[in-house]
Amino acid sequence: MLDKIILCLCLGLSSAAIAESIDSASKKTLKFEFKEHPGTSYTFEELNLIVDKNLKVIVSIFPELQGIYVDEKTGEIVLTVLKNETDSIRLQKVKCILGLPVKLMVITAPLLRE
């Protein structure tokens, strides 16, 4: 069967994705459409409630979380985190759990707490 499946998510290009299946005998390309957040619409208050409800899970994935807020203009949840090699993998986990658009604001030094 298949030795390897390579999945390239081209989220910036009209949410399309290409899956390339490779085996020892042949090479085939499968095309499919990927919609990360189809038809979802939440109010600012609803997004904040979702963040509050899932905060413990988010902190368990990003223990160095420095801050979190909802961007009112884009509707994205923004996580402020210390730079880490596994940021992109952990970001995908949070996106899967929340089912919402989430982006990272990566910083190199911890924020001061007052």
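A short tour of the structure in this document, coming up. (Residues numbered from 1 in each chain as written. Predicted model: local features only at pLDDT ≥ 70, side-chain atom pairs only at ≥ 80, totals over all residues. Heavy atoms only, no water.)

1. A few points about the environment of T74
Then, in step 1: In this structure, T74 sits in the loop between β4 (65–70) and β5 (77–82).
Then, in step 2: The partly exposed category is assigned to T74, whose relative accessible area is 46%. (Helix = DSSP H or I, 4+ residues; strand = E, 2+ residues; numbered from the N terminus. Buried < 20%, exposed > 50% of the residue type's maximum accessible area, 1.4 Å probe, protein only.)

2. Observations concerning the environment of L91
Then, in step 1: Structurally, the position occupied by L91 is in helix α2 (residues 87–98).
Then, in step 2: Residue classification places L91 among the buried positions, given a relative accessible area of 12%.
Then, in step 3: Residues L91 and L104, spaced 13 residues apart in sequence, show a C-alpha to C-alpha distance of 7.5 Å.

3. A word on the pairing of strand β6 (residues 102–107)
Then, in step 1: Direction of pairing for β5 relative to β6: parallel, over a ladder of six bridges. Bridged to L82 within β6 is I107.
Then, in step 2: Handedness of the crossover joining β5 and β6 through α2 is recorded here as right-handed. (Pairing = 2+ DSSP bridges. Right-handed = clockwise from strand over helix to strand, strands pointing away.)

4. Comments concerning the sheet that holds β6
Then, in step 1: One open sheet accounts for three strands, arranged β4-β5-β6; its pairing is mixed. For this open sheet the edge positions go to β4 and β6, each flanked by a neighbour on one side alone. For this sheet, the mean angle separating the axes of adjacent strands, direction not counted, is 20°.
Then, in step 2: Two elements, β4 and β5, share five bridges in a ladder whose sense is antiparallel. Considered in β5, the bridge of V70 is made with I77. (Axes fitted to C-alpha atoms, helices over the stretch in contact; angles between N-to-C directions.)

5. Description of the nonpolar core
If you look at soluble globular proteins, the nonpolar side chains tend to sit buried side by side.
Then, in step 1: In this structure, F62, I77, L79, V94, L98 and V102 are the most contacted members of the largest nonpolar core, which totals 16 residues.
Then, in step 2: Sort the elements by how many residues they give to this core and helix α1 (residues 44–61) lands first, with five residues.
Then, in step 3: Among residues more than four places away in sequence, those in contact with F62 are L79, V81, D87, R90, L91, V94 and L104. (Core = buried A, V, L, I, M, F, W, Y, C linked by side-chain atoms within 4.5 Å. Contact = heavy atoms within 4.5 Å.)

6. Description of the packing of α1 against α2
The axes of two packed helices give the description: the angle between them and the distance between them.
Then, in step 1: At a minimum axis separation of 11 Å, α1 and α2 run at an interaxial angle of 150°. Classed by the angle they form, the pair α1 and α2 counts as roughly antiparallel. As for the relative orientation of α1 and α2, their crossing is right-handed in sense. From α1, I50, N54, V57, I58 and I61 reach across to α2, where they touch R90, K93, V94, I97 and L98. (Parallel < 35°, antiparallel > 145°, perpendicular 65-115°, else oblique. Left-handed = near helix turned anticlockwise from the far one by under 90°.)

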